[in-house]
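Commentary on secondary and tertiary structure
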Amino acid sequence: MVKARCAAVLAALILAAPLAFVSPAAAQASPNAVVVWDLNAQTAIWDIAHQAPPQVAGRGFAMVSGAVYDAVNAIKGSPYEPYLVAPRATGRESTDAAVGTAAYRVLDAIFPAQEERLRVQYDEWLAGLPDGPAKRGGIGVGAQAAEAMIAARRDDGAFDPRLWTVGTRPGQYRPTPPDFENTGAWVGFLKPFAVPDATMFRTPGPPAVTSRTYARDFAEVKRLGSATSTVRTADQTDAALWWHDRRSVSWGMKRDLAVTQKLGVLETARFYALADFTGTDGAIACANDKEFWHFWRPVTAIRSAGTDGNPATTADPGWTPLVVTPPNPDYPSGHTCRTAAQMTAYAHYFGRDNVSFSAFSVDSGTTRHFGSFSQATAEVVGARIWAGIHFRSADVDGTRLGAAVGNHVTEHYFRPRA
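Residues numbered from 1 in each chain as written. Predicted model: local features only at pLDDT ≥ 70, side-chain atom pairs only at ≥ 80, totals over all residues. Heavy atoms only, no water.

**Regarding the nonpolar core**
- With 92 residues, the main nonpolar core has Val68, Trp243, Met253, Phe271 and Phe277 as its most contacted residues.
- The greatest single-element share of this core, amounting to 12 residues, is contributed by helix H3 (residues 54-75).
- Leave out the neighbours within four places in its chain, and Met253 touches Trp242, Trp243, Met343, Phe357, Ser358, Ala359 and Phe370.
- Ranked by size, the runner-up nonpolar core spans 15 residues in total, among them Ala301, Ile302, Ala305 and Ile385. (Core = buried A, V, L, I, M, F, W, Y, C linked by side-chain atoms within 4.5 Å. Buried < 20%, exposed > 50% of the residue type's maximum accessible area, 1.4 Å probe, protein only. Helix = DSSP H or I, 4+ residues; strand = E, 2+ residues; numbered from the N terminus. Contact = heavy atoms within 4.5 Å.)

**Points about the pairing of strand E1 (residues 357-361)**
- Most of E1 is tucked away: 4 of the 5 residues are buried.
- Where E1 lies against strand E2 (residues 366-370), 5 bridges are found, and the strand directions are antiparallel. Note that in E2 the partner of Phe360 across the bridge is Thr367.
- Joining the antiparallel neighbours E1 and E2 is a turn of 4 residues, in which Gly365 adopts a positive phi near 70°. (Pairing = 2+ DSSP bridges.)

**Some points on helix H13 (residues 373-386)**
- Taking 1.5 Å as the rise per residue, H13 with 14 residues should run 20 Å; its terminal C-alpha atoms sit 20 Å apart, in good agreement.
- Buried residues dominate H13, accounting for 11 of its 14 residues.
- By the burial criterion, the buried members of H13 are Phe373, Ala376, Thr377, Glu379, Val380, Val381, Gly382, Ala383, Arg384, Ile385 and Trp386.
- One or two steps after H13, the chain reaches Gly388, where phi turns positive at roughly 85°. (Expected span 1.5 Å × (residues − 1).)

**Comments concerning helix H12 (residues 334-350)**
- With 17 residues, H12 should reach 24 Å at 1.5 Å per residue; the first-to-last C-alpha distance of 24 Å fits that figure.
- With 15 of 17 residues buried, H12 lies mostly within the body of the structure.
- Positive backbone phi, at 75°, marks Gly351, one or two positions downstream of H12.

**What to know about unusual backbone geometry**
- Residues Pro177 and Pro178 are joined by a peptide bond in cis, for which omega reads 10°.
- Within the secondary structure layout, Pro178 lies in the loop between helix H6 (133-152) and helix H7 (212-224).
- You will see that Phe159, though not glycine, has its phi angle at about 65°, which is positive.
- When you line up the elements, Phe159 lands in the loop between H6 and H7.
- Within the chain, Phe414 stands out as a residue other than glycine whose phi angle is a positive 60°.
- Note that Phe414 resides in the segment after helix H14 (392-412).
- The class of Phe414 is buried, set by a relative accessible area of 3%.

Here it is as structure tokens:
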């Protein structure tokens with residue numbers, strides 16, 4: 001009964017929410033409660049909470065997945081090291097009740113304005129589970145895991161009003177068109193979920209604006225990343241739009257892997273926690289590095305090339321990128337940091353690189369397929385250039401930072417207990 005109901009809920013969510021990013025294979029009904037509540041989390045984090053940007057969404061997903069992991073791990077006898085707590089459990093508790101409770105309570109704490117909607121969703125979930133000691137026990141375990149996570153993230157630095165450092169000299173960051181926003185600098189100073197210090201992965205920095213390397217990067221993005229480029233291929237344009245989908249196609253890739261690799265509830269909870277922790281900590285370390293270097297974006301650089309002192313660059317005051325430039329500095333690329341962190345962790349998790357997966361993007365209207373984790377990382381490097389929003393050096397060094405984060409989290413968290 002419970003499995004049938006979970007399958008029905010997941011199927012209904014997929015049909016009702018076009019933002020779910022589940023591939024055709026993953027769209028087949030699954031009894032996995034972790035997948036269902038991850039979709040519920042996306043509804044709260046993205047669909048309703050004003051379409052939160054990736055760095056904001058990442059914090060929410062990581063809080064939910066971390067609490068869910070601790071709850072399920074405890075019921076299964078704690079075969080893996082807990083993240084925050086290992087609530088006392090006999091193993092007879094309902095994992096469905098624990099997953100729903102952990103996720104619901106975290107989401108309710110993050111989004112008080114959604115209290116009524118979330119409560120209705122949670123009550124409907126519990127109503128589909130058999131009453132009895134197992135259900136009550138699962139609720140108790142999930143509640144304890146959620147409480148630990150909520151307490152751990154209190155006063156973690158989220159949503160601090162700090163601004164990015166802005167300069168006027170060549171190479172220094174300044175807000176970009178069309179809205180010239182300066183937001184999100186707090187991410188670089190957010191308390192990480194797993195890495196001990198956001199500054200421990202400092203990159204070597206962007207190339208000097210007078211260097212040959214910079215001139216090469218400049219020419220590449222100017223030629224391939226323009227909104228009116230005639231040399232960018234159709235597939236490159238698709239990749240640029242696909243990877244830039246602000247709903248984050250990484251959510252779809254994560255779900256596709258969990259379903260197509262037939263992960264059980266515990267392994268899905270562990271995999272999702274690993275995915276969300278590495279992606280979020282990769283974003284935090286990356287944002288900290290962005291603020292440290294505060295390097296200008298291609299749109300600023302190309303329009304202001306007459307001031308950079310590099311004879312190999314030529315200004316184009318009307319140049320516009322394919323997609324709107326995000327409101328933060330160029331170097332390193334946040335998307336490559338997050339993607340490389342996750343793909344590195346995924347390769348560790350599955351014990352190999354050559355695992356196939358895919359995801360759908362509403363923005364591009366297409367599904368992209370990958371035969372390995374390294375293939376996805378390599379493609380996002382090019383995609384940010386084709387989108388016109390990053391220099392190659394920012395992308396490449398972003399992958400190095402992300403890989404370091406992915407390795408660190410994998411080596412220190414969610415490991416089998418000795």
